[in-house]
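Breakdown of the fold
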Amino acid sequence: MAFRELNSKMVEATVAPGQRLFSQRGAMLAYRGEVSFTPNMSGGQGGLMSMIGRRVANESTPLMTVEGNGTVLFGHGGHHVQVIALTGDTLYVEADRLLAFEGTLEQGTMFMGSQGGVMGMVRGQVSGQGLFTTTLKGHGSVAVMAHGGVIELPITPQRPVHVDPQAYVAHHGDVRNKLSTALGWRDMVGRGSGEAFQLELSGHGSVFVQASEEKL
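**Remarks on the nonpolar core**
Ranked by size, the top nonpolar core spans 17 residues in total, and within it Phe-3, Val-11, Leu-21, Val-66, Val-72, Phe-74 and Leu-99 carry the most contacts. Those elements that place two or more of their residues in this core are β2 (10-15), β5 (63-74), β6 (80-93), β7 (98-102) and β9 (132-146). Setting aside its immediate chain neighbours within four residues, Val-72 contacts Val-11, Glu-12, Ala-13, Val-15, Met-28, Ala-30, Tyr-31, Val-35, Phe-37 and Val-66. Phe-22, Leu-91, Val-142 and Val-169 belong to the second largest nonpolar core, which has 16 residues in total.

**With respect to the pattern of salt bridges**
Any two side chains of opposite charge can pair, on the condition that their charged atoms come close. Taken as a whole, this structure holds two salt bridges when the rule is applied. Its salt-bridge partner being Glu-12, residue Arg-32 comes within 2.8 Å of it at the nearest N-O pair. One end of the pair, Arg-32, is in strand β4 (residues 28-40); the other, Glu-12, is in strand β2, and 20 residues separate them in sequence. Overall, Arg-32 belongs to the exposed group, its relative accessible area being 52%. Among the charged side chains, a salt-bridge network with shared partners connects Arg-4, Glu-12 and Arg-32.

**Quick look at the side chain of His-171**
With respect to the helices and strands, the residue His-171 is situated in strand β12 (residues 168-181). Note on His-171: relative accessible area 1%, which makes it buried. A polar contact is formed between the side chain of His-171 and the side chain of Tyr-168, at a distance of 2.8 Å. Other than its neighbours up to four places away in sequence, His-171 contacts Thr-90, Leu-91, Tyr-92, Leu-201, Ser-206 and Val-207.

What counts, and at which threshold
- Residues numbered from 1 in each chain as written.
- Predicted model: local features only at pLDDT ≥ 70, side-chain atom pairs only at ≥ 80, totals over all residues.
- Heavy atoms only, no water.
- Core = buried A, V, L, I, M, F, W, Y, C linked by side-chain atoms within 4.5 Å.
- Buried < 20%, exposed > 50% of the residue type's maximum accessible area, 1.4 Å probe, protein only.
- Helix = DSSP H or I, 4+ residues; strand = E, 2+ residues; numbered from the N terminus.
- Contact = heavy atoms within 4.5 Å.
- Salt bridge = Lys/Arg side-chain N within 4 Å of Asp/Glu carboxyl O.
- Polar contact = N/O pair within 3.5 Å; in protein donor to acceptor, adjacent residues only side chain to side chain.

What follows is the structure, encoded as structure tokens:
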């Protein structure tokens, strides 16, 4: 694994010759060795389509490509950092929660409306997190950001998980998502999140939930 958690808000990444990392702009805190940081306009390993998806999702800041031989300390805004290891599966994560990830992972973009239909689209409007979610697929590690710590909740066919949309950080596995409401449409006018909206995740996998509903 390229990332090592130093404390709850910082990770150390190993950069080796012939390998690449991608990070959010401004995430580098310090580094040792011969390491270079260059803007990446092609959306990581996802190429042009990933770049287009990020532009539509209003993610205008390019990723930084990290290369060389040394170690880098990553962190951002004092947010909690969680390292997630992928072993061939796909991680779905809000783009603004990505701190850094290994270049072995293929980046893509998923339109939330493709899971949950129209209600999936409404989720983006309600949560303010956008209609697009970044996907990372393959073998490697990812460092994500959150407020107040992160807990991983298992999702099983017998026990779906309901999450406040603004507390959602990421999920992986064979999981379906849809937005459900605890109130009628008239009652929801003027409400942002909380008990009025619930993101239902069903199937088999896990979801990462942050302790605070505060937006990044």
